[in-house]
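Residue strings, one per chain:
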Amino acid sequence: MDYRGLHERLSGAAEPPIRMPGFQFGALPLDLSTLDSHDLFVLPIPQRRLEELLEDRARSLGILVRRGQEVTTVRQGSDEVTAEVRGPEGTYEVSARYLVGADGGQSVVRKQSGIDFPGITDEDMPLAELRDAVKRVLGAELPMSEPPGAHPALRRTAGINSRQADRYRQGRVFLVGDAAHVHSGVGGPGLNLGLQDVLNLGWKLAAAVHGWAPPGLLDTYEAERHPVGERVIMHTRAQLALLQPGPNTTALRELMTELLADQGNRRHLADLMAGADIRYGTTDTHPMAGRWMPDLALRDGSRVAELLRPGRPVLLDLGAGVAAATWTEWADRVDTVVTTADTPVKAVLIRPDGYVAWATNGSTDGGTDGLREALTEWFGQAGPRRSLTR
Ligand SMILES: Cc1cc2nc3c(=O)[nH]c(=O)nc-3n(C[C@H](O)[C@H](O)[C@H](O)COP(=O)(O)OP(=O)(O)OC[C@H]3O[C@@H](n4cnc5c(N)ncnc54)[C@H](O)[C@@H]3O)c2cc1C
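J.: Hey, could you go over the sheet that holds strand S15 (residues 356-360) for me, with residue numbers and the actual values?
T.: Spatial ordering of the open sheet is given by S13-S12-S14-S15, a layout of four strands whose pairing is mixed. The open sheet terminates on both sides in strands that have one partner only, identified here as strand S13 (335-338) and S15. Between one strand and the next, the sheet's axes are offset by a mean angle of 10°, whatever the strand orientation.

Pasting the structure below:
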């Protein structure tokens, strides 16, 4: 949200996001106050408010949002994909070069595209068990009956459903958010995971549509995001295990509590839950390459997050003195910012989703070739981009 300029509108405050002093892992307290820095930020906000804000943002960018429309079938041709849609005024078809299924855990787009959704759905809690539990806690019986419908509310609120699409892409169709993965809500990772999918895919689709995507760029979406979904499923299942009753789990909680006395272990879990332990594949071998770009304070008074608000790649020159001739052929796609910051890194190439494509600690001597290679790898061939074809 901050890297797109939406945080202030959500939080109502002018300050940048605040790191959590503590969190929890499967109900075990996670003390983060002694870590010098970490990436766990939490902003409690009703989902309705978030959706309103994102819809406003989409409309301000000229996106047409249609409510009350249901995609019923999806079919692909060699150069376009067509969705049949049922709306209040009847059925019609929409064709486009690409289609993104952001239609939740029961995704019609996923099913219509023949993408499997393997995983585990734990048994519904039986009604009798719920009734007994309520009586035990409240000391009184409450009237309750089976909910109607094929997907009982008991299972959805228990939320013990861990599944992941076996592919995030089928031809011209992509899956994001719950359409691509569902898991327990413990720790609340679902929205972040889905938003990061979208952030990852969005600029790559834009590159393809605007004609400057290098070969294979769209395939990096699945390569980068599928492993992240796997890790969220892993840690939410681990947290669920820690929440179970019984003497064995009590012993496991005791052991985990001992392990959490170690700061390194607390950082490991903080990074895991924040998704900050992700390293996407890059040709560049600098330790920052493939990782989330920290929100450095820059000497000109701005922050890295502010530079990324237009959603474009940024070449941040922090004293390397990169010659204009190195990047000027990408100037229609990549913004260049020259400033300084209190960091050993002298230049960083940042993707629109906030991940580092290339970095150097030295002057550009010997680094220029690597930069041009990274510019080509992520933002296409040098020279003016091809014009928008559709
Ligand atoms: C009770 C509950 C509490 C939760 N709490 C948290 C939390 O605290 N933190 C957190 O991070 N996550 C939480 N989650 C998970 C979070 O809500 C989901 O991860 C998130 O909403 C997924 O977003 P999405 O856009 O991928 O899918 P959804 O939010 O499911 O949106 C899918 C959209 O697609 C539409 N749609 C579906 N089928 C079609 C179709 N055929 N045609 C057209 N449109 C269609 C739906 O109407 C819906 O608007 C919670 C979930 C639940 C159920």
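Here the narrative resumes, following the displayed structure.
J.: How would you explain the site of the ligand if you had to name every residue and give the values?
T.: Taken together, 14 residues lie around the ligand, and Gln47, Val71, Asp178, Gly188 and Leu191 are the ones closest in. Between the ligand and the protein, one listed contact pairs an oxygen atom with a side-chain N or O atom of Gln47 at 3.0 Å. With respect to the ligand, the backbone of Val71 contributes an N or O atom lying 2.8 Å from a nitrogen atom. Taking 1,000 Å² as the accessible area of the ligand by itself, protein coverage stands at 49%.

J.: Lay out the packing of helix H6 (residues 190-209) against helix H7 (residues 219-243) with the relevant residues and their values.
T.: Between H6 and H7, the shortest axis-to-axis distance is 10 Å and the interhelical angle comes to 175°. Relative to H7, H6 is oriented roughly antiparallel. Two secondary-structure elements touch here, H6 through Leu193, Gln196, Asp197, Asn200, Leu201 and Lys204 and H7 through Thr220, Tyr221, Glu224, Arg225, Val228, Gly229 and Val232. A class-by-class count of the residues in the contact of H6 with H7 yields five nonpolar, four polar and four charged.

J.: Give me the lowdown on the packing of H7 against helix H8 (residues 247-259), citing residues and values where you can.
T.: It is at 8 Å that the axes of H7 and H8 come closest, and there the two elements cross at 115°. Between H7, through Ala241, Leu242 and Leu243, and H8, the contact on the second element is made entirely by Thr249, Leu252, Arg253 and Met256. Each residue belonging to the contact of H7 with H8 can be placed in one class, and the counts come to five nonpolar, one polar and one charged.

J.: Account for the packing of aromatic side chains, with residues named and values stated.
T.: According to the stated counting rule, one finds nine aromatic pairs in the structure shown. When the ring of Tyr168 is compared with that of Tyr221, the centres are 5.8 Å apart and the planes differ by 40°; the resulting orientation is tilted. Highlighted residues: Tyr168 in the loop between strand S8 (161-164) and strand S9 (169-170) and Tyr221 in helix H7, separated in sequence by 53 residues. The exposure class assigned to Tyr168 is buried, which follows from its relative accessible area of 0%. Between Phe174 and Tyr221, the aromatic rings sit 6.2 Å apart at their centres with planes inclined by 65°, giving edge-to-face as the arrangement. In this pair, Phe174 is assigned in strand S10 (residues 173-175) and Tyr221 in helix H7, connecting sequence segments 47 residues apart. A single burial state applies to Phe174 and to Tyr221, both of which are buried. One aromatic cluster is present, formed by Tyr3, Tyr280, Trp292 and Tyr355 through successive ring pairs. Above the plane of the ring of Tyr98 lies Arg172, whose end atom (NZ or CZ) is 5.4 Å from the centre. The aromatic ring of Trp378 is capped on one face by Arg351, whose charged end is 4.7 Å from the ring centroid.

J.: Can you tell me about the pairing of strand S12 (residues 314-317), naming the residues and giving the values?
T.: Residues Val314 and Leu316 line one face of S12 and the alternating positions Leu315 and Asp317 line the opposite face, and both faces are buried. Here S12 pairs with S13 via four bridges, running parallel. Pairing of Leu316 across the sheet is with Val337, part of S13. In this sheet, strand S14 (residues 347-350) lies alongside S12 in antiparallel orientation, the contact comprising four bridges. Each bridged residue has a counterpart across the sheet, and for Leu315 the counterpart in S14 is Leu349.

J.: Break down the pattern of salt bridges for me, with residues and values.
T.: Applying the stated criterion to the full structure yields 24 salt bridges. A salt bridge links Arg59 to Glu55, with the nearest nitrogen and oxygen atoms 2.6 Å apart. Here Arg59 pairs with Glu55, and both are found in helix H2 (residues 47-60), just four residues apart, close to one helical turn. Here Arg59 falls in the partly exposed class, since its relative accessible area comes to 41%. Measuring nitrogen to oxygen at the nearest pair gives 2.8 Å for the salt bridge that ties Asp219 to Arg169. One end of the pair, Asp219, is in helix H7; the other, Arg169, is in strand S9, and 50 residues separate them in sequence. Taking the relative accessible area as the measure of exposure, Asp219 reaches 46% and is therefore partly exposed.

Reading the values: the criteria
- Residues numbered from 1 in each chain as written.
- Predicted model: local features only at pLDDT ≥ 70, side-chain atom pairs only at ≥ 80, totals over all residues.
- Heavy atoms only, no water.
- Pairing = 2+ DSSP bridges.
- Helix = DSSP H or I, 4+ residues; strand = E, 2+ residues; numbered from the N terminus.
- Axes fitted to C-alpha atoms, helices over the stretch in contact; angles between N-to-C directions.
- Near = heavy atom within 4 Å.
- Polar contact = N/O pair within 3.5 Å; in protein donor to acceptor, adjacent residues only side chain to side chain.
- Areas by Shrake-Rupley, 256 points an atom, 1.4 Å probe, with all protein chains shown as cover.
- Parallel < 35°, antiparallel > 145°, perpendicular 65-115°, else oblique.
- Contact = heavy atoms within 4.5 Å.
- Nonpolar A, V, L, I, M, F, W, Y, C, P; charged D, E, K, R; others polar.
- Phe/Tyr/Trp six-rings, centres within 6.5 Å; stacked < 30°, edge-to-face > 60°.
- Buried < 20%, exposed > 50% of the residue type's maximum accessible area, 1.4 Å probe, protein only.
- Lys NZ or Arg CZ within 6 Å of the ring centre and 35° of its normal.
- Salt bridge = Lys/Arg side-chain N within 4 Å of Asp/Glu carboxyl O.

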